[in-house]
2 protein chains.
Amino acid sequence: MAERTRYLLPEEAIPTSWYNVAADLPNPPAPVLHPGTHAPIGPQDLAPLFPMAIIAQEVSTERFIPIPEEVLAIYRLWRPTPLHRARRLEAALGLPERVRIFYKYEGVSPAGSHKPNTAVPQAYYAKQEGVKRIATETGAGQWGSSLALAGSFFDLEIKVYMVRISFAQKPYRRALMETWGAQCVASPSNDTNAGRAILAQDPDSNGSLGIAISEAVEDAATREDTKYALGSVLNHVLLHQTVIGQEALQQLEMAEAYPDVVIGCVGGGSNFAGISFPFVREKLAGKPVRIVAVEPAACPTLTRGVYAYDFGDTAQLTPLVKMHTLGHTFVPAGIHAGGLRYHGAAPLVSQLLDEGLIEATAVTQRPAFEAAVQFARTEGILPAPEASHAIRVAIDEALAAREAGEERTILFNLSGHGFFDLSAYDHYLSGEMQDYEHPQSAIEAALAGLPSIAD
Amino acid sequence: MAERTRYLLPEEAIPTSWYNVAADLPNPPAPVLHPGTHAPIGPQDLAPLFPMAIIAQEVSTERFIPIPEEVLAIYRLWRPTPLHRARRLEAALGLPERVRIFYKYEGVSPAGSHKPNTAVPQAYYAKQEGVKRIATETGAGQWGSSLALAGSFFDLEIKVYMVRISFAQKPYRRALMETWGAQCVASPSNDTNAGRAILAQDPDSNGSLGIAISEAVEDAATREDTKYALGSVLNHVLLHQTVIGQEALQQLEMAEAYPDVVIGCVGGGSNFAGISFPFVREKLAGKPVRIVAVEPAACPTLTRGVYAYDFGDTAQLTPLVKMHTLGHTFVPAGIHAGGLRYHGAAPLVSQLLDEGLIEATAVTQRPAFEAAVQFARTEGILPAPEASHAIRVAIDEALAAREAGEERTILFNLSGHGFFDLSAYDHYLSGEMQDYEHPQSAIEAALAGLPSIAD
């Protein structure tokens, strides 16, 4: 019998509940504050934007929240996702048998990433509450595509405000959203007051995620039939992603393995939370597992930001949340190829870092792409540039264990494929890609703009 | 317990042999003829181009040919591929339970199609025989990508001659091949006599598959360390694809189903052969299964061509094979969006059609894309345009069974995903795509150029 490469679970093994790490946190989460009054907000403040079921999940402290059968029925189109033992990568790295690398592969979803894990329930709950239409923003398009897919499953109208520079550079992403029946417009657009105001000042504006958020929020807040949806950062989004780590636990048991270290890349924090929160629970129960969040050095929220109250968007429209942040005016350098460009990080991820339950590290983009190419040439799969940050650290952990003569079992989340990111690979392979770390002065300038909130 | 959506097999269920339909044909295959002398050729004539193990498979009449463990080890990266019951599509079509649609999904391979099923063994046998380098041609890039992937697994140098117009229009395909370590040049190139001769006449030549084949064959024939590889048409290529149908048989058994009709799209014939040849065997053993090959109306080899000896390439360099052909000078219209643009069809597929064991039909591209969009909006997966031809016929078969009040179980091969084909989807969704059927006069003109061979 040959050595096993993939660990596949039957449909029945798809988790039937999402795991809510908020139930197990040593300290309660910091309250979310109104952007104007700085007073704690309640569910009713969020009601214009989100379905009530989503708001309930956002503030829930229940440990397990059942997954509706209608959501499970769609998860079954691609879940359980495979867990791979990276045998060919291990061989290329010259690892002894005591050092093992496993990866959970979320690129098998129809949209090619983990994002549908939350897009589907968000669309489901909206449909349940009579919502006809969802507005959202997207940068490079992963999230917008996934919500378009989810909208097609529940016959919801989806309106995606896509950052104009990406809209122009990535026409295929727009075509993908349209194939799934969504409407996608370049942001700033003429469809909202926020968009028109920007265009009046600068008709050639390239747009930004901050502007696109403003447009989508305005759209949802001003239309009775429409809600808003977000693809990362918020508690309920992270909650939905925990199917990843719950499946991985079952699959590692099949492999008779337990990870010494669990690794995920962080932008807003959702794929990291998905793979790691079930292991945070294990750690709180006494298991000696290290959990490592990897971010790009070009947007070093967790490693060089501060843990403080900040706005979720540039325009200061969102509530204030306590999180690791570089300041809501921070803009990553244009030379950064991958995603993971958010100025903040999910409050739950930030709190876990603050409480010492997880670690964080940053890598520059050339070493990340070097790892991605080595991975593609051994394991076959072309990784999304975001996930390549996790691959880099997984490889470095393996090589360190080899050198130290230690046993080490490594698990990382391969959150998506890179078929839409080949221009970045081309840039790397041509030798033109530059490493970049944000200068301290620029970070300090952005941090100086943080709102002043008494703890 | 919910109704099952996907039928997943364990790694042990990957077939350990390829099925060779040549062992079961009622009549022996027509001999392959030398392009100059028209005399039957032998293995030695092919030795400059192909590894001996591949030549032996090309002419084998053994029913089962064992798959080497080294090939199985790589198949395990993505095989067994899933079989899906298309429950959401069935619901959208309003089908009663007695009409069922299943599809085998080959897009889960790292290259996104069925092509690695043969690229991997072709690279393996080349490596075994001391080959250092493989030359090949590619049109849109599916095959070139797959051979690049296979080359990375066996540390072989891969040189891909890519039709210049596609090279210019699809830079991401080139970047994908380069990420897997292959060299990809636009054809006609300055690297071969054939390429230089074309460029001398027309420095702005867009290239063609015929020219690219000439370059790759010349490259392989003139270098001691290099062999040639082809991604469809030949017997050994079809042989390697039979893992698809063998797995599907096991998965349908899990589903307690047996197909009344098996459907695949045909360009050269390899994905069609992969899903259908194991069912041809069943049919020869008495099972009443219909087997339908679907081709584009823009390149109607099986439905409007003749069954005759012809060259495999425009330049008349290849041996003569008896096949369904539109004539080696036939060129599909430029408005045809998908692949499946070959003037001939695999000799084995052609013979099965001639002997009445399979059927053939042609569809135009708008109905094919209409089916693909309906599929994407229900099943989630974005189909490759090639596979959309099979989806169209699967839907039509289902609707016909619904109308007729009959039971019908339908199986089709979803040979790949469409993430690299979104410009074609964009073209369709914009309403600009036109249907096209080749005029009879043009087909007759191409057929007039067939070589005259006594039967």
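Analysis parameters
- Residues numbered from 1 in each chain as written.
- Chains lettered and ligands numbered in written order.
- Predicted model: local features only at pLDDT ≥ 70, side-chain atom pairs only at ≥ 80, totals over all residues.
- Heavy atoms only, no water.
- Helix = DSSP H or I, 4+ residues; strand = E, 2+ residues; numbered from the N terminus.
- Rg over C-alpha atoms; globule rule 2.2 N^0.38 Å.
- Buried < 20%, exposed > 50% of the residue type's maximum accessible area, 1.4 Å probe, protein only.
- Areas by Shrake-Rupley, 256 points an atom, 1.4 Å probe, with all protein chains shown as cover.
- Phe/Tyr/Trp six-rings, centres within 6.5 Å; stacked < 30°, edge-to-face > 60°.
- Lys NZ or Arg CZ within 6 Å of the ring centre and 35° of its normal.
- Expected span 1.5 Å × (residues − 1).
- Core = buried A, V, L, I, M, F, W, Y, C linked by side-chain atoms within 4.5 Å.
- Contact = heavy atoms within 4.5 Å.
- Least-squares fit on C-alpha atoms with pLDDT ≥ 70 in both.
- Pairing = 2+ DSSP bridges.
- Axes fitted to C-alpha atoms, helices over the stretch in contact; angles between N-to-C directions.
- Buried area = accessible area lost by both parts, 1.4 Å probe.
- Salt bridge = Lys/Arg side-chain N within 4 Å of Asp/Glu carboxyl O.
- Polar contact = N/O pair within 3.5 Å; in protein donor to acceptor, adjacent residues only side chain to side chain.
- pLDDT = per-residue confidence, 0-100.
- Parallel < 35°, antiparallel > 145°, perpendicular 65-115°, else oblique.
- Nonpolar A, V, L, I, M, F, W, Y, C, P; charged D, E, K, R; others polar.

To continue, consider the overall build of chain A. For chain A, the helix and strand inventory stands at 19 helices and 15 strands. For 455 residues, the compact-globule estimate of 2.2 N^0.38 gives 23 Å, and chain A sits close to it at 21 Å. Here the C-alpha coordinates of chain A stretch approximately 65 × 50 × 50 Å along the principal axes. Relative to its 455 residues, chain A shows a buried fraction of 64%. Roughly 15400 Å² of accessible area belongs to chain A as shown, and the carbon and sulfur atoms make up 50% of that amount.

Glancing now at the packing of aromatic side chains. Taken as a whole and judged by the stated rule, the model has 26 aromatic pairs over all chains. For the pair Tyr-258 of chain B and Phe-279 of chain B, a centre-to-centre distance of 6.2 Å together with 65 degrees between the ring planes defines the contact as edge-to-face. In this pair, Tyr-258 of chain B sits in the loop between helix H12 (243–254) and strand S10 (261–265) while Phe-279 of chain B sits in helix H13 (residues 270–284), placing the two residues 21 residues apart along the sequence. Among the aromatic residues, ring-to-ring pairing joins Tyr-103, Phe-375 and Phe-412 of chain A into one connected group. Taking NZ or CZ as reference, Lys-287 of chain B lies 4.3 Å from the ring centre of Tyr-258 of chain B, over its face.

On to helix H17 (residues 385–404) of chain A, then. Given 3.6 residues per helical turn, the α-helix brings residues three or four places apart onto the same face. Residues and elements named next belong to chain A. Spanning 20 residues, H17 covers 29 Å between terminal C-alpha atoms, matching the ideal 28 Å at 1.5 Å per step. Of all 20 residues making up H17, 14 are buried, and the element is well covered by its neighbours. Phi for Gly-405, located one or two positions after H17, is positive at around 70 degrees.

Right, let's get into the nonpolar core. Counting residues in each nonpolar core, the largest one holds 210 residues, and the members touching the most others are Phe-277 of chain A together with Phe-277 of chain B. In this structure, Phe-277 of chain B is in contact with Tyr-19, Val-21, Leu-238, Thr-242, Phe-272, Leu-348, Val-349 and Leu-352 of chain B, ignoring residues within four places of it in sequence.

On to the relation of the copies chain B and chain A, then. Relative to chain A, chain B is turned by 180 degrees and slid 0.0 Å along the rotation axis, the superposed coordinates differing by an RMSD of 0.0 Å. In the structure described here, the two chain copies are related by an operation that fits a two-fold rotation axis. Take the interface residues of chain B: 100% of them recur as interface residues in chain A, which is what a same-surface contact looks like.

This part is about the sheet that holds strand S7 (residues 157–163) of chain B. All names here are of chain B. On the basis of which strands lie adjacent, the open sheet formed by 4 strands has the order S8-S7-S6-S9 and parallel pairing. Single-partner strands in this sheet number two, and they are strand S8 (183–187) and strand S9 (226–228). Within this sheet the neighbouring strands show an average axis-to-axis angle of 25 degrees, counted without direction. Of the strands in this sheet, strand S6 (133–138), S7 and S8 are in contact with helix H8 (residues 171–179), which crosses S7 at around 175 degrees. Sheet strands in contact with helix H10 (residues 209–221) are S6, S7, S8 and S9, and its direction is about 170 degrees off that of S6.

Our focus in this paragraph is the sheet that holds strand S6 (residues 133–138) of chain A. Residues and elements named next belong to chain A. Read across the sheet, 4 strands follow the order S8-S7-S6-S9 without closing on themselves; strand pairing throughout is parallel. Each edge of the open sheet carries a strand with a single partner, namely strand S8 (183–187) and strand S9 (226–228). On average, adjacent strands in this sheet sit at an angle of 25 degrees to one another, irrespective of strand direction. Pairing of strand S7 (residues 157–163) with S8 involves 5 bridges; the strand directions are parallel. Across the sheet, Val-163 pairs through a bridge with Ser-187, a residue of S8. Lying on the sheet, helix H8 (residues 171–179) is in contact with S6, S7 and S8; it crosses S7 at an angle near 175 degrees. Each of S6, S7, S8 and S9 is contacted by helix H10 (residues 209–221), which is oriented at about 170 degrees to S6, the strand it contacts most.

In this section: the interface of chain B and chain A. Every contact between the two is made by 49 residues of chain B and, on the other side, 49 residues of chain A. Between chain B and chain A, the buried area comes to about 4300 Å², and carbon and sulfur atoms account for 57% of it. For chain B, the biggest contributors to the area lost against chain A are Tyr-172, Thr-179 and Phe-419 of chain B; these three give 16% of the whole. Our count for the contact surface shared by chain B and chain A stands at 4 salt bridges. Of the charged contacts in the structure, one is a salt bridge between Arg-174 of chain B and Asp-426 of chain A, with a shortest N-O distance of 3.1 Å. Viewed at the interface, chain A and chain B are joined by 28 residue pairs in polar contact (both at pLDDT 80 or more). Elements with a contribution of two residues or more to the side of chain B that touches chain A: helix H3 (69–75), helix H6 (142–154), H8, helix H16 (365–379) and helix H18 (422–429) of chain B. No other element matches the 6 residues that H8 of chain B contributes to the side of chain B that touches chain A.

Okay, the environment of Gln-250 of chain B next. You can see Gln-250 of chain B is positioned in helix H12. Within polar-contact distance, the side chain of Gln-250 of chain B engages the backbone oxygen of Ala-13 of chain B at 2.9 Å.

Turning our eyes to something else, we now look at the environment of Val-163 of chain A. Residues and elements named next belong to chain A. In this structure, Val-163 sits in strand S7. As for Val-163 and Val-261, which are separated by 98 residues in sequence, their C-alpha atoms are 36 Å apart. Setting aside anything within four residues of it in sequence, one finds Val-163 in contact with Thr-138, Gly-139, Ser-187, Asn-206, Gly-207, Ser-208, Leu-209 and Ala-212.

Okay, the confidence of the model for chain A next. Per-residue confidence for chain A gives a mean pLDDT of 94; residues scoring 70 or more make up 98%. Model confidence for the complex is summarised by a pTM of 0.96, with the ipTM given as 0.95.

Residue and element names in this part refer to chain B. Structurally, Gly-416 can be placed in the loop between strand S15 (408–414) and H18. The exposure class of Gly-416 is buried, given its relative accessible area of 1%. Each residue touching Gly-416, except ones within four places of it in the same chain, is listed here: Tyr-105, Gly-107, Gly-112, Ser-113, Leu-382, Pro-383 and Ala-384.

Looking now at the packing of H16 of chain B against helix H17 (residues 385–404) of chain B. All names here are of chain B. The contact between H16 and H17 brings their axes to 8 Å, and the two run at 85 degrees. Compared by their axis directions, H16 and H17 come out roughly perpendicular. Residue-level inspection shows Pro-367, Ala-368, Phe-369, Glu-370, Ala-371, Ala-372, Gln-374 and Phe-375 of H16 in contact with H17, the latter providing Pro-385, Ser-388, His-389, Ile-391, Arg-392 and Ile-395. Across the contact of H16 with H17, the residue classes tally to 9 nonpolar, 3 polar and 2 charged.

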